[in-house]
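Structural overview
The chain contents come next:
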Amino acid sequence: PLVVDRYEDHLHLIEFERPHDRDPAQHANWLDLMAKTAGECLEIPSKQVFLKRRGRQRGHDQHQRLAQSNHRLIVREGGLKFAVNLIDYTDTGLFLDHRVTRGLFRDEAKGKHVLNLFAYTGSFTVYAADGGAAATTSVDLSSNYLDWTRENLCLNGFDGPQHTTKVMDSREFLRGHPAGEVYDLVILDPPTFSNSKRTDLDWNVQNDAPEMLTDVLRLVRSGGVVFFSTNFRRFKMPLGTLSNVRVHELSNQTVPEDYRNRRIHRCWRIEKTTE
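Rules used throughout
Residues numbered from 1 in each chain as written. Predicted model: local features only at pLDDT ≥ 70, side-chain atom pairs only at ≥ 80, totals over all residues. Heavy atoms only, no water. Pairing = 2+ DSSP bridges. Helix = DSSP H or I, 4+ residues; strand = E, 2+ residues; numbered from the N terminus. Axes fitted to C-alpha atoms, helices over the stretch in contact; angles between N-to-C directions. Phe/Tyr/Trp six-rings, centres within 6.5 Å; stacked < 30°, edge-to-face > 60°. Buried < 20%, exposed > 50% of the residue type's maximum accessible area, 1.4 Å probe, protein only. Lys NZ or Arg CZ within 6 Å of the ring centre and 35° of its normal.

1. Topic: the sheet that holds strand β7 (residues 135-140)
The seven strands are arranged β8-β7-β6-β9-β12-β14-β13 in an open sheet whose pairing can be described as mixed. Here the strands that pair on one side only, and so sit at the sheet edges, are β8 (163-167) and β13 (245-249). Averaged over all pairs of adjacent strands, the angle between strand axes in this sheet comes to 15 degrees, irrespective of strand direction. The pairing of strand β12 (residues 220-230) with strand β14 (residues 266-272) spans six bridges and is antiparallel. Looking at β14, one finds that threonine 230 is bridged to arginine 266.

Shown next, in the form of structure tokens:
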């Protein structure tokens, strides 16, 4: 129950809590041994090996802050730069399982008006900008994450006024959006569950995604594309509620080859067709 990710010359280890027969002291020794062994095998100094524990996550605990170091490490992916934090949060600011998806998204972005909902730290926005997007809009409930989005954009020289951010709940953003087909490319990668203290609207991806996809598609031009992804492996795509679309699941293509868990996420490409 241990995941080891490499970010440049640093290691990030997460223990996913599982039942075991070790007492607390034995378990602490085991974790220390795992961190030490990973560092030695990959020739990473111990001071650059970071270990975290992660229980089952729901709601506003999913991106909980663990420390206040404001640690920043600049890493490279796909020819781009991203700031990650290996200390303060359970997640680092860059979900590695979507690095292939980000590349596919970039390939479709040239000249497009792009919308990134549940934007987190804006990695898809950066890829879209690199792909030549005409304009991007990134929406997230957290001002901290959108500050991080702007930092990532600036790291790559994409700090122009065509890249806007909105501190809002993504559903409220869609419901309050003026009518009209204005976007060509959308990424919708919501959490499985959320009950943030900053909104009265709880979120359950299976219950709430169908309506949200419908709301998104109303704003997408004919021929436009929505990438939809979820970590909920039992998600059922609501094909019966979506009209004038072509839907193709990309999961076999988007999960990177180094992931033993081929169900780490599921991903669909939804193209809006002419009515």
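Next comes the rest of the description.
2. So, the packing of aromatic side chains
Inspection of the entire model under this criterion finds eleven aromatic pairs. Look at tyrosine 120 and tyrosine 145: their rings are 4.8 Å apart centre to centre, the planes differ by 65 degrees, and that puts the pair in the edge-to-face class. Placement of tyrosine 120 in the loop between β6 (113-117) and α3 (123-130) and of tyrosine 145 in helix α4 (residues 143-155) is noted, with a sequence separation of 25 residues between them. Tyrosine 145 sits in the buried class, given a relative accessible area of 8%. When the centroid spacing of 5.2 Å and the interplanar angle of 40 degrees are considered together, the rings of phenylalanine 228 and phenylalanine 235 count as tilted. Phenylalanine 235 shares its class with phenylalanine 228; the two are buried. Members of the aromatic cluster, connected to one another through ring pairs, are Tyr89, Phe95, Tyr120, Tyr145 and Trp148. Here the guanidinium or amino end of arginine 22 rests over the ring plane of tryptophan 30, the centre of that ring lying 4.3 Å away. A cation over a ring is seen here: arginine 72 above tryptophan 148, with NZ or CZ 4.2 Å from the ring centre.

3. Description of unusual backbone geometry
Despite not being glycine, glutamate 43 has its phi angle at roughly 55 degrees, a positive value. Tracing the backbone shows glutamate 43 in the loop between α1 (24-41) and β3 (49-54). For asparagine 244, which is not a glycine, the phi torsion comes out positive at approximately 55 degrees. Structurally, asparagine 244 can be placed in the loop between β12 and β13.

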